[in-house]
Amino acid sequence: MIVATYNVNGVNGRLPVLLKWLAEAKPDIVCLQELKSPDERFPVDAIRGGGYRAIWRGQKSWNGVAILSKSGSIVETRRQLPGDPEDGQSRYLEAEIGGVIVGCLYLPNGNPWPGPKFDYKLQWFNRLGAHAKQLLGTGKDVVLAGDYNVMPTDLDVYKPERWANDALFRVEVREAYAKLLAQGWTDALRKLHPKERIYTFWDYFRNAYTRNAGLRIDHLLLSPSLAPRLEAAGVDRHARGWDKSSDHAPTWIILDDAKPPTKAVKKRAAKKIATPARKKKTKRGAV
DNA sequence: ATGCCTATTATTAATAGA
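Asks: Help me understand the nonpolar core, please; the structure alone is not making it clear to me.
Replies: For soluble globular proteins, the rule of thumb is that nonpolar side chains tend to be buried together. I67, V102, V143, L220, L222 and I253 are the most contacted members of the largest nonpolar core, which totals 33 residues. Not counting the four nearest positions on each side in its chain, V102 is found in contact with I29, C31, I67, L93, E94, A95, I97 and V143.

Put into structure tokens, the structure is as follows:
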């Protein structure tokens, strides 16, 4: 099963690029961010035509998130992050698809630092942390995928010193991300590629893409129950080079398909005998 | 420190993004 996240930077303006990528990559589940469209202008017909069901929460001009599914039905579980009823920004959407809870998020950019936008970012991060903890407590399979607007380490930035005081790289924000991971989440791309330079975003300015002046800010976090199923992870960076592309590239993981426990497994569990370790699979992913 | 580019919204300029 392929789960992907893609900040499309305008779902209507980028619709041909999105449909092209869906047809090529054939992801099972997709989290979209930055729809930049009110609900009534979400291109649901075109997306259905591409073979996907969808739920979305749009907003005029900015923000907006959607979850797409190729086969499994989508049962919406949340349309906003708990913790602030006054927050009207469309940045979180959550659904259950095939037994997996999928949280699609668009964390605030937070620039400029310091200032109210940065404060809002940290508050939003705190609310995400509280909700993430609650999700872990359920013991369910959960993936939190989206544009986190944070480069977790120096390895995730083409020029760390230039970004030191940017809201995407300020120490408070990196600490918030690390604190979230410490709850027990697995950063899927980093897990499989611990030392590789991986970017998911390249600025439109100064030919950033051709110079590979990028940032890794789009992340897929896996609950402990889901992490053992992680098989591959990567970025479809070639899509960033397409005409009229978003400034982000689609970022994806492959999860082993969940299999119901066999009779032998159930028998061992009943007798409290350890299940033999899973056979290690060859990694198929490329970045 | 700022512009570089690209989108949306509203009228050719402002705002936001990262």
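Asks: Quick question: what am I supposed to make of the protein's contact with DNA strand B here?
Replies: Close to DNA strand B lie 25 residues, the nearest being E34, S61, N109, F205 and R206. Sugar plus phosphate: this is where 65% of the atoms of DNA strand B within 4 Å of the protein reside. R14 has a polar side-chain atom sitting 2.8 Å from a phosphate oxygen of DNA strand B. Within the side chain of N149, a nitrogen or oxygen atom sits 3.1 Å from a phosphate oxygen of DNA strand B. When the residues that make up the surface near DNA strand B are grouped by side-chain class, the tally is eight nonpolar, seven polar and ten charged.

Asks: Looking at this structure, I do not really get the packing of aromatic side chains. What am I missing?
Replies: Note on aromatic pairs: each is described by the distance of the centres and the angle between the planes. The tally for this structure, following the rule as stated, stands at five aromatic pairs. Between Y148 and Y177 the ring centres are 5.8 Å apart and the planes differ by 90°, which places this aromatic pair in the edge-to-face class. Of this pair, Y148 sits in the loop between β8 (141-147) and α4 (171-182) while Y177 sits in helix α4; the two residues are 29 residues apart in sequence, bridging distant segments of the chain. One cation-aromatic arrangement involves K20 over W242; the distance from NZ or CZ to the ring centre is 4.1 Å.

Asks: Explain the pattern of salt bridges to me, please; I cannot follow it from the model alone.
Replies: A side chain with one charge can pair with a side chain of the opposite charge if their charged atoms come near. Taken as a whole, this structure holds nine salt bridges when the rule is applied. In this structure, R190 engages D156 in a salt bridge whose closest nitrogen and oxygen atoms are separated by 2.7 Å. Residue R190 is found in helix α5 (residues 188-192), and its partner D156 is found in the loop between β8 and α4; the two are separated by 34 residues along the sequence. Look at R190 and you get buried, because its relative accessible area is 14%. Residue class for D156 comes out buried when judged on its relative accessible area of 0%. Salt-bridge contacts for D156 lead to R216; the nearest nitrogen and oxygen are separated by 2.7 Å. In this pair, D156 is assigned in the loop between β8 and α4 and R216 in the loop between β11 (214-215) and β12 (218-222), connecting sequence segments 60 residues apart. Like D156, the residue R216 is buried in the burial classification.

Asks: Is there a simple way to explain the confidence of the model for chain A in this structure?
Replies: For chain A, per-residue confidence averages 93 on the pLDDT scale, and residues scoring 70 or more make up 90% of the total. Confidence drops under pLDDT 50 across residues 279-283; counting only partners more than four residues distant or on other chains, this segment forms four contacts.

Asks: Can you walk me through the layout of surface pockets in this structure?
Replies: Over the atoms a probe the size of a water molecule is rolled, and this reveals where empty space is left. Estimated volume of the largest pocket: approximately 550 Å³. Along its surface, the largest pocket is lined by 25 residues, and Y106, P108, N109, G110 and N149 are the ones closest to its centre. Among the residues making up the lining of the largest pocket, the classes are represented as nine nonpolar, eight polar and eight charged.

Asks: Could you clarify how one ought to interpret the sheet that holds β8 in this entry?
Replies: In a beta sheet, neighbouring strands pair by backbone hydrogen bonds and run either parallel or antiparallel. Spatially, six strands are ordered β5-β6-β7-β8-β12-β9 in an open sheet, and the strand pairing comes out mixed. Strand pairing shows two members of the sheet lacking a second neighbour, β5 (74-78) and β9 (186-187), which therefore form its edges. As paired strands, β5 and strand β6 (residues 92-97) are joined by four bridges and run antiparallel to one another. Residue pairing for β6: I74 is matched across the bridge by I97. The strands touched by helix α3 (residues 116-138) are β5, β6, β7 (100-106) and β8; relative to β6, the strand with the most contacts, the crossing angle is about 15°.

Asks: Explain the packing of α3 against α4 to me, please; I cannot follow it from the model alone.
Replies: If you want to describe how two helices pack, look at the angle between their axes and the distance between the axes. It is the contact of α3 with α4, at a shortest axis distance of 10 Å, that shows an interaxial angle of 5°. Of the possible angle classes, the one that applies to α3 and α4 is roughly parallel. Touching F118, K121, L122, F125, L128, G129 and A132 of α3 are E172, V173, A176, Y177 and L180, all from α4. Tallied by class, the residues present in the contact of α3 with α4 amount to nine nonpolar, one polar and two charged.

Rules used throughout
- Residues numbered from 1 in each chain as written.
- Chains lettered and ligands numbered in written order.
- Predicted model: local features only at pLDDT ≥ 70, side-chain atom pairs only at ≥ 80, totals over all residues.
- Heavy atoms only, no water.
- Core = buried A, V, L, I, M, F, W, Y, C linked by side-chain atoms within 4.5 Å.
- Buried < 20%, exposed > 50% of the residue type's maximum accessible area, 1.4 Å probe, protein only.
- Contact = heavy atoms within 4.5 Å.
- Near = heavy atom within 4 Å.
- Polar contact = N/O pair within 3.5 Å; in protein donor to acceptor, adjacent residues only side chain to side chain.
- Nonpolar A, V, L, I, M, F, W, Y, C, P; charged D, E, K, R; others polar.
- Phe/Tyr/Trp six-rings, centres within 6.5 Å; stacked < 30°, edge-to-face > 60°.
- Helix = DSSP H or I, 4+ residues; strand = E, 2+ residues; numbered from the N terminus.
- Lys NZ or Arg CZ within 6 Å of the ring centre and 35° of its normal.
- Salt bridge = Lys/Arg side-chain N within 4 Å of Asp/Glu carboxyl O.
- pLDDT = per-residue confidence, 0-100.
- 1 Å grid on protein atoms, 1.4 Å probe; cavity = no way out; pocket = protein on both sides within 12 Å on 5 of 7 lines; lining within 4 Å.
- Points joined across faces, edges and corners; volume = space filled by probe spheres on them.
- Pairing = 2+ DSSP bridges.
- Axes fitted to C-alpha atoms, helices over the stretch in contact; angles between N-to-C directions.
- Parallel < 35°, antiparallel > 145°, perpendicular 65-115°, else oblique.

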